[in-house]
Amino acid sequence: MNIYRHELKAYRKSLISWIIALVGINVLMMAMFPTFSKDAESLISLLSNMPDALLAAMGIHIDTITSVLGFYGYIFVYILLGGAIQAMLLGTSILSKEVREKTADFLLTKPVTRQTIVSSKVCAALTALLITNVIYTGAACVTASLVSEQDFSMKLLILATLPLLFVQLIFFATGLLASVLWPKMRTVLPVSLGVVFAFFLIGALGATTGDDKLRTLTPFKYYDTTYIVEHAGYEMAYVVISVVWFVLAMIASYIIYMKRDVQAV
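Thresholds, definitions, all that
- Residues numbered from 1 in each chain as written.
- Predicted model: local features only at pLDDT ≥ 70, side-chain atom pairs only at ≥ 80, totals over all residues.
- Heavy atoms only, no water.
- Helix = DSSP H or I, 4+ residues; strand = E, 2+ residues; numbered from the N terminus.
- Buried < 20%, exposed > 50% of the residue type's maximum accessible area, 1.4 Å probe, protein only.
- Contact = heavy atoms within 4.5 Å.
- Phe/Tyr/Trp six-rings, centres within 6.5 Å; stacked < 30°, edge-to-face > 60°.
- Salt bridge = Lys/Arg side-chain N within 4 Å of Asp/Glu carboxyl O.
- Patch = residues over 30% accessible without salt bridge, like charges linked within 9 Å, V, L, I, M, F, W, Y side chains within 5 Å.
- Areas by Shrake-Rupley, 256 points an atom, 1.4 Å probe, with all protein chains shown as cover.
- Axes fitted to C-alpha atoms, helices over the stretch in contact; angles between N-to-C directions.
- Parallel < 35°, antiparallel > 145°, perpendicular 65-115°, else oblique.
- Left-handed = near helix turned anticlockwise from the far one by under 90°.
- Nonpolar A, V, L, I, M, F, W, Y, C, P; charged D, E, K, R; others polar.
- Expected span 1.5 Å × (residues − 1).
- Bend = angle between axes of the 7 residues up to and from the residue.
- Polar contact = N/O pair within 3.5 Å; in protein donor to acceptor, adjacent residues only side chain to side chain.

*Asks:* Give me the overall build of the protein chain: which residues, what numbers.
*Replies:* Helix and strand content of the protein chain: 13 helices and zero strands. In the protein chain, the succession of α and β elements from N to C terminus is α-α-α-α-α-α-α-α-α-α-α-α-α. Counting the 265 residues in the protein chain, one finds 45% classified as buried. Taking the intrachain contacts of the protein chain between residues at least 6 apart in sequence as the baseline, contacts between residues at least 24 apart amount to 77%.

Here it is, written out as structure tokens:
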């Protein structure tokens, strides 16, 4: 419990910064919706002249872009990108920082097991992600209500927002696995950004080509907002892939960390 509280305290400033960033992006971009909705015909005419591949890469659906949920689906692509970076940074740093700061051997001499150490750190990181999602979801609902002059389904908005947590869990587990496979990682930022943007570019490429195989490779395309709004649910195949990805990465991280030798200072 002491490790859990210590980690939460250590994440506090970073957590506040990420919450402000994600909520800020949402507010700034949703604030443009009233302007677009009032001049919907001109917007649709403009988008119709753009290449379909470019629209797909940007996550724009002409049929729904003028509705509040459709517009939210467009900006949510960038919310996912920011959330993925936050989660990846958490995953890569919670264990590797002990090696970088040369405190790993000191921590392991305490009367706690390795499993307890990892579990406490993981729980603290997951708590930070959960707090991020709760506050962001609340802010997104309030913002959508303020900018929309027409009624919309709050349930669908929440369903469209929940993938932020799902995608963050995948990237958190991926980052954690990377940190145990590469324990002497000097800095987590280049690795985290590189991995996240690689998956993001794969998703953009898959959207432009319509290749479902590429879609399977990137969590950014597992939860399509248009599909969620139309069906009031998720594509189960991608939900299963998400769960399997997260579970396998977490199990592998635990196993590797338990068996790894920790170099003394």
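Having seen the structure, we can now continue with the description.
*Asks:* Give a detailed account of the packing of aromatic side chains, specifying residues and quantitative values.
*Replies:* Following the criterion strictly, the structure yields 13 aromatic pairs and no others. Arranged with centres 5.9 Å apart and planes meeting at 85°, the rings of Tyr74 and Tyr78 form a pair that is edge-to-face. Residue Tyr74 and its partner Tyr78 are both found in helix H5 (residues 68-100); the two are separated by four residues, about one turn of the helix. The exposure class assigned to Tyr78 is partly exposed, which follows from its relative accessible area of 28%. Taken together through their ring pairs, the aromatic side chains of Phe171, Phe199, Phe200, Phe220, Tyr222, Tyr238 and Trp245 make up a single cluster.

*Asks:* Which residues make up the pattern of salt bridges, and what are the values?
*Replies:* Where charged atoms from two side chains of opposite charge approach closely, those side chains can pair. Within the structure shown, the criterion is met by two salt bridges. The partner of Lys121 in a salt bridge is Glu7, and the shortest N-O contact between them spans 2.9 Å. In this pair, Lys121 is assigned in helix H7 (residues 114-147) and Glu7 in helix H1 (residues 2-30), connecting sequence segments 114 residues apart. No difference in accessibility class separates Lys121 from Glu7, as the two residues are buried. Ionic pairing is found between Glu235 and Arg215, a salt bridge with its closest N-O pair at 2.4 Å. You can see Glu235 sitting in the loop between helix H12 (225-231) and helix H13 (236-259) and its partner Arg215 sitting in helix H11 (residues 212-217), a full 20 residues away along the chain. Note on Arg215: relative accessible area 17%, which makes it buried.

*Asks:* Explain a nonpolar patch on the surface to me, and be specific about the residues and the numbers.
*Replies:* Residues Leu130, Ile131, Val134 and Ile135 make up a contiguous nonpolar surface patch of about 330 Å² in total accessible area. Positionally, Ile135 belongs in helix H7.

*Asks:* Can you tell me about the environment of Gly73, naming the residues and giving the values?
*Replies:* Inspection of the secondary structure assignment puts Gly73 in helix H5. For the pair formed by Gly73 and Ile228, sequence separation is 155 residues and the distance between their alpha carbons is 9.7 Å.

*Asks:* Please give an account of the environment of Phe33 that cites residues and values.
*Replies:* Topologically, Phe33 is positioned in helix H2 (residues 33-38). In sequence terms Phe33 and Phe71 are 38 residues apart; their C-alpha atoms lie 7.1 Å from each other. For Phe33, the contacting residues outside a window of four places in its chain are Ile65, Thr66, Ser67, Val68, Phe71, Val147 and Ser148.

*Asks:* Residues and numbers for the packing of H1 against H7, please.
*Replies:* Closest axis-to-axis distance for the H1/H7 pair is 9 Å, and the angle between their directions is 25°. Here H1 is positioned roughly parallel relative to H7, judged by the angle of their axes. As for the relative orientation of H1 and H7, their crossing is right-handed in sense. Along the lines of polarity and charge, the residues of the contact of H1 with H7 split into 22 nonpolar, five polar and two charged.

*Asks:* Tell me what's going on with H1, and back it up with residues and numbers.
*Replies:* Counted at 1.5 Å a residue, the expected span for H1 with its 29 residues is 42 Å, and the 40 Å between its end C-alpha atoms agrees. A bend of about 50° at Arg12 is the largest found in H1. Listed in full, the buried residues belonging to H1 are Ile3, Glu7, Tyr11, Leu15, Trp18, Ile19, Leu22, Val23, Asn26, Met29 and Met30.

*Asks:* Just give me the short version of the environment of Asp224, but keep the residues and values in it.
*Replies:* Among the secondary structure elements, Asp224 is positioned in the loop between H11 and H12. With relative accessibility at 30%, the residue Asp224 sits in the partly exposed group. The spacing of Asp224 and Glu235 is eleven residues in sequence and 8.6 Å in space, taken between C-alpha atoms. A polar contact is formed between the side chain of Asp224 and the backbone nitrogen of Tyr227, at a distance of 3.0 Å.

*Asks:* Can you lay out unusual backbone geometry for me, pointing to particular residues and giving the numbers?
*Replies:* In this structure, Ala232 is a non-glycine residue whose phi angle is positive, near 55°. Looking at the secondary structure, you find Ala232 in the loop between H12 and H13.

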